Amino acid sequence: MGPSPGDLLTIDGRASVQFAGDRALTFRVVSVPDLPTYHGWIWLSGYVLDHRGLATAKREVYVQLAGLRPALPPTPHPRRTARRAVRAG
């Protein structure tokens, strides 16, 4: 069974040489197009996520199923709130 919409994946050199090293992606699957592929390969459509979990680009990728790994969800950073300076009277 392959990936499904909503899955969060790490796509790196194990999935395809084009994603090796610093070109690895954290990828949120939106759809799995029904396109012809070679055995063991798959097309995925989705969003590349940054370290905060925000979508930075929409992509279609062609990867090996055996090289896909689940990604850990990004850890949200607490929001900083502006502090108002208090003046001494």
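Residues numbered from 1 in each chain as written. Predicted model: local features only at pLDDT ≥ 70, side-chain atom pairs only at ≥ 80, totals over all residues. Heavy atoms only, no water.

Asks: Is there a simple way to explain the overall build of the chain in this structure?
Replies: Helix and strand counts for the chain come out as zero helices and five strands. Starting at the N terminus and walking to the C terminus, you meet the elements of the chain as β-β-β-β-β. Pairs at least 24 residues apart make up 40% of the contacts formed inside the chain by residues separated by at least 6 positions. Carbon and sulfur atoms make up 54% of the accessible area of the chain, which amounts to about 6900 Å² in all. (Helix = DSSP H or I, 4+ residues; strand = E, 2+ residues; numbered from the N terminus. Contact = heavy atoms within 4.5 Å. Areas by Shrake-Rupley, 256 points an atom, 1.4 Å probe, with all protein chains shown as cover.)

Asks: Would you mind showing me how to read the side chain of Thr10 here?
Replies: Inspection of the secondary structure assignment puts Thr10 in strand S1 (residues 8-11). Apart from residues lying up to four places away in sequence, Thr10 is in contact with Leu25, Leu68, Arg69, Pro70 and Ala71.

Asks: Looking at this structure, how should I read the sheet that holds strand S2 (residues 25-31)?
Replies: Each strand in a sheet pairs with another by means of backbone hydrogen bonds, the pair being arranged parallel or else antiparallel. Strand order in this open sheet of five strands is S4-S3-S2-S1-S5, and the pairing throughout is antiparallel. Edge strands, defined here as strands with exactly one partner in the open sheet, are strand S4 (55-64) and strand S5 (69-70). Two elements, S1 and S5, share two bridges in a ladder whose sense is antiparallel. Looking at the pairing, Thr10 lines up with Arg69 of S5. (Pairing = 2+ DSSP bridges.)

Asks: For this particular structure, what's the right way to read the pairing of S2?
Replies: Regular strands have side chains that alternate between both faces of the sheet. Of the strand pairs in this sheet, S1 and S2 are connected by four bridges, and their pairing is antiparallel. Following the sheet pairing, Ile11 is matched in S2 by Leu25. Where S2 lies against strand S3 (residues 41-49), five bridges are found, and the strand directions are antiparallel. Bridging from a neighbouring strand, Phe27 pairs with Val48 of S3.

Asks: Sorry, what's going on with the side chain of Ser45 here?
Replies: Residue position: Ser45 is located in strand S3. The exposure class assigned to Ser45 is buried, which follows from its relative accessible area of 8%. (Buried < 20%, exposed > 50% of the residue type's maximum accessible area, 1.4 Å probe, protein only.)

Asks: Explain the environment of Arg28 to me, please; I cannot follow it from the model alone.
Replies: Summarising the element assignment, Arg28 is placed in strand S2. Setting aside residues no more than four positions away along its own chain, Arg28 makes contact with Gly6, Asp7, Leu8, Ser45, Gly46, Tyr47 and Leu49. Looking at Arg28, its side chain comes within polar contact range of the main-chain oxygen of Gly6, at 2.6 Å. (Polar contact = N/O pair within 3.5 Å; in protein donor to acceptor, adjacent residues only side chain to side chain.)

Asks: What should I look at first to understand the nonpolar core in this one?
Replies: Nonpolar side chains in soluble globular proteins tend to end up buried together. Ile11, Phe27, Leu44, Val61, Val63 and Leu68 are the most contacted members of the largest nonpolar core, which has 13 residues in total. Contributing elements (two or more residues each) for this core: S1, S2, S3 and S4. Every residue in contact with Val61, bar those within four places of it in the chain, is listed here: Ile11, Phe19, Leu25, Phe27, Ile42, Trp43 and Leu44. (Core = buried A, V, L, I, M, F, W, Y, C linked by side-chain atoms within 4.5 Å.)

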